[in-house]
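# Notes for the structure review
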Amino acid sequence: MAVNKEAFQAISNELKIKGVTLVAVSKTKPASDILELYELGQRDFGENYVQELVDKAAQLPGDIRWHFIGHLQSNKVKFIAPFVHLVHGVDSLKLLQEINKQALKQAKRIDCLLQVYIAGEETKFGLDEQELEEIIVYLQKDQPLNNIRIRGMMGMASFSDNPKLVNAEFHQLKSLFDKYKPISAPVFHLDTLSMGMSGDYRMAVEQGSNMVRIGSLLFGERTRPV
Ligand SMILES: *Cc1c(COP(=O)(O)O)cnc(C)c1O
């Protein structure tokens, strides 16, 4: 049940050398576990549920960078807009518009990643390549959303023990990222590719990820399903 500090040190050092940002995924885990890694220097934490994130952020140090990595509903954006550091799972223009609206109210800019569907599994959220293209074209043309910034893309590979499949999925997302990276419009600043979790982060990094989201290797298995 306890936080695995040795694993944290090892993974954290391994990623630092490679210039990869570690987001410690603390969903379902208590604030005290987060504090243990905070005291070892970790500042980026990821959460999947709005209420849980709001509760934890209120109890924990103000210099934590909170990443929202779950499926965000439009009507809940307002609760995290005041403090969220990066929203990973943006999968519709409607959601982007709501994030923009709430960011405007806070007189700030909110950084977002577009979630792309790369896995063969049907349950995954995310944009397909055409939907991604449509959103990007829209944002380039009209630039109506001055309070968001697209920092890159996020994706999840299949839960598979076939490394070829997983590598191919990560490679696909890296190619999309590279395709859009050169875009220069005020709303775009593409420098972040969020891919890789406990089971596949090394493959993700090999394929060009520069941000990984790791939960169970650091905090132990989750008892509550997610
Ligand atoms: C839960 C979760 C993770 C972390 O998963 P682990 O396998 O525990 O490392 C990463 N990304 C997303 C989107 C998640 O929901």
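To be clear, the structure that these remarks concern was listed above.
Along every chain, residues carry numbers that run from 1 in the direction the sequence is written. Under the rules for a predicted model, residues below a pLDDT of 70 receive no local features and side-chain atom pairs below 80 are neither given nor counted, while totals for whole chains, interfaces and linings still include all residues. As a convention, hydrogens and water are excluded, and side-chain values are obtained from all of the structure's heavy atoms.

## A closer look at helix 1 (residues 5-18)
End to end, helix 1 covers 20 Å across 14 residues, agreeing with the expected 20 Å (1.5 Å per residue, within 8%). On its buried face, helix 1 is in contact with strand 1 (21-25), helix 2 (31-39), helix 8 (201-206), strand 8 (211-214) and helix 9 (216-219). One or two positions beyond helix 1, positive phi appears at G19, with a value near 70°. For the purposes of this entry, the term helix denotes a DSSP run of H or I that reaches at least four residues, the term strand denotes a run of E that reaches at least two, and both are numbered from the N terminus. Every helix has an expected span of 1.5 Å times one less than the residues it contains. The criterion used for residue contact is that any of the two residues' heavy atoms lie within 4.5 Å.

## Overview of the packing of aromatic side chains
Ring pairs are drawn from Phe, Tyr and Trp, using the six-membered ring of Trp, whenever the two centres fall within 6.5 Å, and their geometry is named by plane angle: stacked under 30 degrees, edge-to-face over 60, tilted for the rest. Summed over the entire model, instances satisfying the criterion amount to 1 aromatic pair. Counting as a charge over the ring demands two things of the Lys NZ or Arg CZ atom: a distance within 6 Å of the ring centre and an angle within 35 degrees of the ring normal. Sitting over the face of the ring of Y38, R43 holds its NZ or CZ atom 3.6 Å from the ring centroid.

## Remarks on the site of the ligand
Near, as used in this document, describes a residue that has one of its heavy atoms within 4 Å of the molecule or strand being considered. In the neighbourhood of the ligand, 13 residues make up the surrounding shell, with K27, N48, S198, G215 and R222 lying closest. For this analysis, a polar contact is any N or O atom pair within 3.5 Å, provided that within protein one partner can donate a hydrogen and the other can accept it, and provided that sequence-adjacent residues contribute only side-chain to side-chain pairs. The separation between a nitrogen atom of the ligand and a polar side-chain atom of R213 is 2.8 Å. The Shrake-Rupley method, run with a 1.4 Å probe sphere, supplies the accessible areas, and residue values consider only the shown protein chains as cover. Compared with its free state, where it exposes 390 Å², the ligand has 91% of that area covered by protein. Among the elements of the structure, strand 6 (148-156) and strand 8 are those that each provide at least two residues to the shell around the ligand.

## Comments concerning the environment of S209
Within the fold, S209 resides in the loop between helix 8 and strand 8. Each residue touching S209, except ones within four places of it in the same chain, is listed here: V20, L193, M195 and A204. Reaching out from S209, the side chain makes a polar contact with the backbone oxygen of L193 at a distance of 3.3 Å.

Bear in mind that shape data such as this cannot, by itself, settle questions of function.
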